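# Observations on the model geometry
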Amino acid sequence: MTTRPRVLVSFDRSADNPLKAFADVIHQGLTGNPAFPNPPVSLSDLQTAITDFSDALVAQEQGGTLATAVKKAKRAALVTLLRKLAGYVEDNCNGSLTALLSSGFAAVSASRAQTPVAVPFILRLLNGHTGELLVKLREPIAHAKCYELRYAALSADGTPGPWQSGNLLTNSRALTLNGLTPGTTYNVQIRAIGGSTGQSDWSPLTSHMSL
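Let me sum up the structure you'll find in this document. (Residues numbered from 1 in each chain as written. Predicted model: local features only at pLDDT ≥ 70, side-chain atom pairs only at ≥ 80, totals over all residues. Heavy atoms only, no water.)

## Some remarks on the side chain of Ser203
Residue position: Ser203 is located in the loop between β6 (185-194) and β7 (206-209). Here Ser203 falls in the buried class, since its relative accessible area comes to 1%. With residues near it in sequence (within four places) discarded, Ser203 still touches Val119, Pro120, Ile122, Gln189 and Ile190. (Helix = DSSP H or I, 4+ residues; strand = E, 2+ residues; numbered from the N terminus. Buried < 20%, exposed > 50% of the residue type's maximum accessible area, 1.4 Å probe, protein only. Contact = heavy atoms within 4.5 Å.)

## Regarding the layout of surface pockets
In this structure, the second largest pocket occupies an estimated 410 Å³ of space. Forming the boundary of the second largest pocket are 18 residues, of which Asn17, Leu57, Glu61, Glu148 and Ser165 lie nearest the centre. Per-element tally for the lining of the second largest pocket: the top contributor is strand β4 (residues 164-169), with five residues. The residue makeup of the lining of the second largest pocket, split by class, is five nonpolar, seven polar and six charged. (1 Å grid on protein atoms, 1.4 Å probe; cavity = no way out; pocket = protein on both sides within 12 Å on 5 of 7 lines; lining within 4 Å. Points joined across faces, edges and corners; volume = space filled by probe spheres on them. Nonpolar A, V, L, I, M, F, W, Y, C, P; charged D, E, K, R; others polar.)

## Quick notes on the sheet that holds β4
Across the sheet, which stays open at both edges, the four strands sit in the order β4-β3-β6-β7 with antiparallel pairing between neighbours. Strand pairing shows two members of the sheet lacking a second neighbour, β4 and β7, which therefore form its edges. On average, adjacent strands in this sheet sit at an angle of 30° to one another, irrespective of strand direction. The pairing of β6 with β7 spans four bridges and is classified as antiparallel. In the strand pairing of β7, Asn187 is matched with Ser207. With respect to the sheet, helix α1 (residues 16-30) is in contact with β3 (144-153), β4 and β6, its orientation differing from that of β3 by roughly 140°. (Pairing = 2+ DSSP bridges. Axes fitted to C-alpha atoms, helices over the stretch in contact; angles between N-to-C directions.)

Structure (C-alpha cells):
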C-alpha cells in the first residue's frame, strides 16, 4: 500500500528570516502551478503578507516593544496563510510526491529519521562589480530551498561590526552581496534553508575586501 504524502509543517518553528525565505519559495512554487489551480489563499494576499512581515522585520531592527508586537502579529498572519496552503497542497496533490514538492513545501519523511540540510562551505569570495562580493560554494546543498547570507564589516583594527542580513537566493551559482563599501573587509557567512529543521548552522567565517 502506497503511503499518502504529507506536508511537513515545521516551518512555523523557523526563525524569522528563514520563515520569510520559505514563504517566498511557496509563493514562487504555487505561481502558475497547474497541480494547484485554486488555492484557498490568493497569491496576491500571500505576497502582501510576506511584504508586511518583511517590513515589520526591518522596523523591529530599530527596537521598541511596539515594533516587536507588530512583527509578531505579521508573522502569525503569514503562518496562518501558509498553514492553509499546506493543507490545500496535501489534499490536492492526488497522492503525488512530485506534485507536492512542486509547491515548494517539503514532505514528511517516510522514515522517522531527521534529515536536516548540511552546512554550506564557502570555497572563496570574489570581487564582482564595485561594492559587490561573489560567494562561491564548494558544492550545492541537497534539499536546500534557498540560501541566506549575512555579513559584518571589519574596522581598521579588525573588530567586526554587527551582522547585517544579506540576500536570500535560490541559485547556488549566483550568490552575491551588493551595496558594500569599497576598501572595507567583510566577514561573510551563509546557511542553507530547508530540510527537517528549517535551516542549517552558519558556515565558518570567510573574509574578503570589497573593491
